[in-house]
Amino acid sequence: PKIPLPTHLSPTSLETFHKCPQAFFFQYILKLTRDPPMTPHLARGIVCHTALEEVFELSPSDRSLANLENLFRREWSRLRGSNRDDEDENALDVVGDDKDNK
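All residue numbers refer to position in the chain's written sequence, counted from 1. Reporting in this predicted model follows two pLDDT cut-offs: at least 70 for local features of residues, and 80 or more for side-chain atom pairs to be given and counted; totals over whole chains, interfaces and linings ignore these cut-offs and use all residues. Working from all heavy atoms in the structure, the side-chain values ignore hydrogens and water.

Colleague: Looking at this structure, I do not really get helix α4 (residues 65-81). What am I missing?
Modeller: Structural remark: α-helix, 3.6 residues per turn; residues separated by three or four positions point the same way. Numbered from the N terminus, helices here are DSSP runs of H or I no shorter than four residues, and strands are runs of E no shorter than two. Multiplying 1.5 Å by the helix residue count minus one yields the expected span of that helix. Here α4 is 17 residues long and its end C-alpha atoms lie 24 Å apart, about the 24 Å a rise of 1.5 Å per residue gives. Summary of the burial criterion: residues with accessible area below 20% of their type's maximum are buried, those above 50% are exposed, and those between are partly exposed, where the area comes from a 1.4 Å probe applied to protein chains only. Of all the positions in α4, only L71, E75 and L79 are classed as buried. Along α4, the residues classed as buried sweep out an arc of 70° about the axis, all on the same side. Of the exposed residues in α4, those oriented more than 90 degrees away from the buried face are R74 and G81. Note: the arc covers the axis-to-C-beta directions of the helix.

Right, here's the structure in full:
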């Protein structure tokens, strides 16, 4: 497949190209973006949504609060084990400790 060339170049894109041509290629040609930094709210949302998706894949008789809690713990452990950097790890440390969570 043919990769389309950009129709215009901004000062920021030129600066990116000057600093790192490969970063320019990924960002402005292939339109790839970096993952957003992990925040406590994002981590909680990922864990909750994944656990809820998985509990609804169970048979109706197995959809219990205990199974949901186990799925939540498993997903939290999995997410903590796949940290992208130290900032992500700090965000995950406070997921269960947030005082605003009622």
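Let's pick the thread back up.
Colleague: Would you take a moment to explain the packing of helix α1 (residues 11-19) against helix α2 (residues 21-29) for this structure?
Modeller: Two quantities define a packed helix pair, namely the angle between the axes and the distance from one axis to the other. Lines fitted to the C-alpha atoms define the axes, with helices restricted to the stretch that makes contact. Angles between their N-to-C directions range from 0 to 180 degrees. The interhelical angle for the contact between α1 and α2, taken along N-to-C directions, is 140°, at an axis separation of 5 Å. In terms of orientation, α1 lies oblique with respect to α2. Of α2, the residues touching α1 (which contributes T12, S13, T16, F17 and K19) are P21, A23, F24, Q27 and Y28. Along the lines of polarity and charge, the residues of the contact of α1 with α2 split into five nonpolar, four polar and one charged. Relative orientations are named as follows: roughly parallel for angles under 35 degrees, roughly antiparallel for angles over 145 degrees, roughly perpendicular for angles from 65 to 115 degrees, and oblique for any other angle. Any two residues having at least one pair of non-hydrogen atoms within 4.5 Å are treated as being in contact. Basically, the charged four are Asp, Glu, Lys and Arg, the nonpolar ten are Ala, Val, Leu, Ile, Met, Phe, Trp, Tyr, Cys and Pro, and anything else, Gly included, counts as polar.

As far as function goes, none of this settles anything; it's purely spatial.
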